[in-house]
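Listed below, chain by chain, are the residues.
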Amino acid sequence: MLPFRSLGTLSPSAVTKAWKCGAALCNGKYSTAASATFTTKDFDLHKLDMGPATEVSTTREEAIQFYREMQTIRRMETTAGNMYKAKQVRGFCHLYSGQEACCVGMEASMTPEDAVITAYRAHGWSYIRGVSILGVLAELTGKKSGCSMGKGGSMHMYGKNFYGGNGIVGAQVPLGAGIAFAMKYRKEKNICVTLYGDGAANQGQLFETFNMAKLWNLPCVFVCENNGYGMGTSAERASASIDYYTRGDYVPGIKCDGMDVLAVREAMKFCKDYVLKNGPILLEVATYRYSGHSMSDPGTSYRSREEVKEVREKKDPITTFKEKLLSSNLATADELKKIDTEVRKEVEAAAELAKNDTELSGDYLYNQIYNQPPADYIVRGCDPMTTSPSK
Ligand SMILES: Cc1ncc(C[n+]2csc(CCOP(=O)(O)OP(=O)(O)O)c2C)c(N)n1
Ligand SMILES: [Mg+2]
């Protein structure tokens, strides 16, 4: 198995095609609808006369794909957490459970040529950008099949047009504007989705970046994944204004329900169109993380168990979407159960491989430091006595 998966069964153009041929998708075996329309919560707008549509449609095929992707990420994260507790994963491990609708919804309105850069909560994004489940789990176990060959771990996963996985809070934001700058310079009609958390939202470098991005009208969507907490500090305790979508001042902004995959898809569709014509926009996705900040944080000292329970019960992105699929007849309970079983087996198989895979040989750890090192380049180890030629 390769660390990269084929990009799902549906490319965005296939989704468009599927949408157009509507009824043909309806599998006669199940009494399901070919498409359905839902109403999202209102979007909050900053410096915009018009926002994304609140009437959102989806096809059966697209909806099932979203369900499968969100379930895969949830299962993968639960497995990663268990592997950490069993000491099969060492180092850092930041789980994305609860936030699945964010990456799945945004990716649906992007093409593989658009770029993404995020912070360290990167497993879900790695997967949705094309890294296989094994590519993620073997990276966590430090094995060869990991997407960074086990050299990166939880915070340093990369893929095609996916610039990681960055551990320094906020540092990826100027880099994202740089990627957008390159796209504009090369006259490519693509965008860079630059993500950060509520905990990074008050940093000076963000405001410097907003200034340059607006000055040069870069095709950058700045996304604040607001999960309510930066480590153990709530957004309210850390921020004089928690209206993150307004914090770009002269950069327009939108706030959307980050627990609703269709609302996120619609918001990103609007943002992509907007930035290609007008320059940067800020999108705040209101979401929640179920786990603690990382595996060393039980996540219960700064918020109550009741709070987490209430979000799980009332707002869970997968459960609420499942209810939509069933009530609109887009899928049957049996079909979704079958997907759950398939996903469980797929993740279990990848976890087994990730545990038993080989590690990189010691001398290989000295490679890939520079892109094209000189032939006689000697790499120093942890102490000045240990060296190895770079291959
Ligand atoms: C520059 C810097 N300062 C502090 C830290 C320690 N740190 C790691 S994560 C974090 C909180 C970030 O919270 P947020 O941006 O909301 O992301 P979330 O964990 O909620 O996804 C902090 C302070 C760091 N990694 N880098
Ligand atoms: Mg946060």
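Residues numbered from 1 in each chain as written. Chains lettered and ligands numbered in written order. Predicted model: local features only at pLDDT ≥ 70, side-chain atom pairs only at ≥ 80, totals over all residues.

Novice: Please provide a residue-by-residue account of the packing of helix α5 (residues 133–140) against helix α12 (residues 333–356), values included.
Specialist: Contact pair α5 / α12: the axes reach a minimum separation of 9 Å and the direction vectors enclose 40°. Our classification of the angle between α5 and α12 gives oblique. Between α5 and α12 lies a crossing of right-handed hand. Facing α5, whose interface residues are Ile 133, Leu 134, Leu 137 and Ala 138, α12 presents Glu 346, Val 347, Ala 350, Ala 351, Leu 353 and Ala 354. Residues of the contact of α5 with α12, tallied by class, amount to 9 nonpolar, no polar and 1 charged. (Axes fitted to C-alpha atoms, helices over the stretch in contact; angles between N-to-C directions. Helix = DSSP H or I, 4+ residues; strand = E, 2+ residues; numbered from the N terminus. Parallel < 35°, antiparallel > 145°, perpendicular 65-115°, else oblique. Left-handed = near helix turned anticlockwise from the far one by under 90°. Contact = placed C-beta atoms within 7 Å. Nonpolar A, V, L, I, M, F, W, Y, C, P; charged D, E, K, R; others polar.)

Novice: So what's going on with the site of ligand 1? Which residues, and what values?
Specialist: Near ligand 1 you find 14 residues, and of these Val 169, Gly 197, Gly 199, Ala 200 and Gly 230 are the closest. Here the residues of the shell around ligand 1 are counted per class, giving 6 nonpolar, 6 polar and 2 charged. (Near = placed C-beta within 6 Å.)

Novice: Can you break down the UniProt feature "domain: Dehydrogenase E1 component" (unreviewed entry) in the protein residue by residue, with the values?
Specialist: Residues given the UniProt feature "domain: Dehydrogenase E1 component" (unreviewed entry) here are residues 68–359. Here residues 68–359 is 46% helix and 11% strand, with 30 Å between the C-alpha atoms at its ends. (UniProt positions renumbered as here; feature names shortened; annotations may be inferred.)

Novice: Provide a residue-level description of the domain arrangement of the protein, including the pertinent values.
Specialist: When its domains are assigned, the protein resolves into domain 1 (35–360) and domain 2 (362–390). Using only C-alpha atoms to locate each centre, domain 1 and domain 2 end up separated by 35 Å. (Domains from an automatic or database assignment.)

Novice: Could you give an account of the sheet that holds strand β5 (residues 192–197), with specific residues and numbers?
Specialist: Taken together, the 6 strands give an open sheet; going across it, the order is β2-β9-β10-β6-β5-β4, and neighbouring strands pair in mixed fashion. Each edge of the open sheet is held by one strand with a lone partner, namely β2 (44–46) and β4 (115–117). Recorded for the sheet is a direction-independent mean angle of 20° between the axes of neighbouring strands. (Pairing = 2+ DSSP bridges.)

Novice: Describe in detail the nonpolar core, supporting the description with residues and values.
Specialist: Membership of the largest hydrophobic core comes to 93 residues, with the highest contact counts inside it found for Leu 137, Cys 220, Val 221, Val 264, Ala 267, Cys 271 and Leu 283. By residue number, the principal contributor to this core is helix α9 (residues 261–278), which donates 10 residues. With near-sequence residues (within four places) excluded, Cys 220 lies in contact with Gly 176, Ala 177, Ala 180, Ile 191, Cys 192, Thr 194, Ala 213, Val 275 and Pro 280. (Core = buried A, V, L, I, M, F, W, Y, C linked by C-beta atoms within 7 Å. Buried ≥ 20, exposed ≤ 12 C-beta atoms within 10 Å, placed from the backbone.)

Novice: So what about the environment of Ser 390? Which residues, and what values?
Specialist: Within the element layout of this structure, Ser 390 appears in the segment after β12 (387–389). Expressed as a C-alpha distance, the spacing of Ser 390 and Asp 376, which sit 14 residues apart in the sequence, is 7.5 Å. Excluding its chain neighbours within four sequence positions, the residues that come into contact with Ser 390 are Tyr 366, Asn 367, Ile 369, Pro 373, Tyr 377 and Val 379.

Novice: Which residues make up α5, and what values go with them?
Specialist: Side chains that are three or four residues apart share a direction in an α-helix, a result of its 3.6 residues per turn. Summarising burial for α5: 8 of the 8 residues are buried, a large majority. Inspection of α5 places Ile 133, Leu 134, Gly 135, Val 136, Leu 137, Ala 138, Glu 139 and Leu 140 among the buried residues, and these make up the whole buried set. Where α5 is buried, its residues contact α2 (60–85), α4 (123–128) and α12. Directly beyond the C-terminal end of α5, a positive phi value near 75° is found at Gly 142.

Novice: Give a description of unusual backbone geometry that names residues and reports values.
Specialist: If you check the backbone angles, Lys 47 has positive phi at about 55° while not being a glycine. Counting through the fold element by element, Lys 47 comes out in the loop between β2 and β3 (55–59). Of note, the phi angle at Met 149 is positive, near 55°, even though the residue is not glycine. Residue placement: Met 149 occurs in the loop between α5 and α6 (172–185). Looking at Met 149, the number of C-beta atoms within 10 Å reads 20, which means it is buried.

Novice: Any details on the environment of Phe 207? Residues and values, ideally.
Specialist: Tracing the sequence through the fold places Phe 207 in helix α7 (residues 204–215). Under the C-beta neighbour-count criterion, Phe 207 is labelled partly exposed, with 15 such atoms within 10 Å. Taking C-alpha positions, Phe 207 is 7.2 Å from Gly 248, a pair spaced 41 residues apart along the chain.

Novice: Now, about the packing of α2 against helix α11 (residues 317–327): what can you tell me, with residues and values included?
Specialist: Put simply, α2 and α11 touch, their axes get as near as 10 Å, and they point 155° apart. When the interaxial angle is binned, α2 and α11 end up roughly antiparallel. Where α2 crosses over α11, the handedness of that crossing is left-handed. Counting all contacts with α2, which are made through Ala 63, Phe 66, Tyr 67, Met 70, Gln 71 and Arg 74, the residues of α11 involved are Pro 317, Ile 318, Phe 321, Lys 322 and Leu 325.

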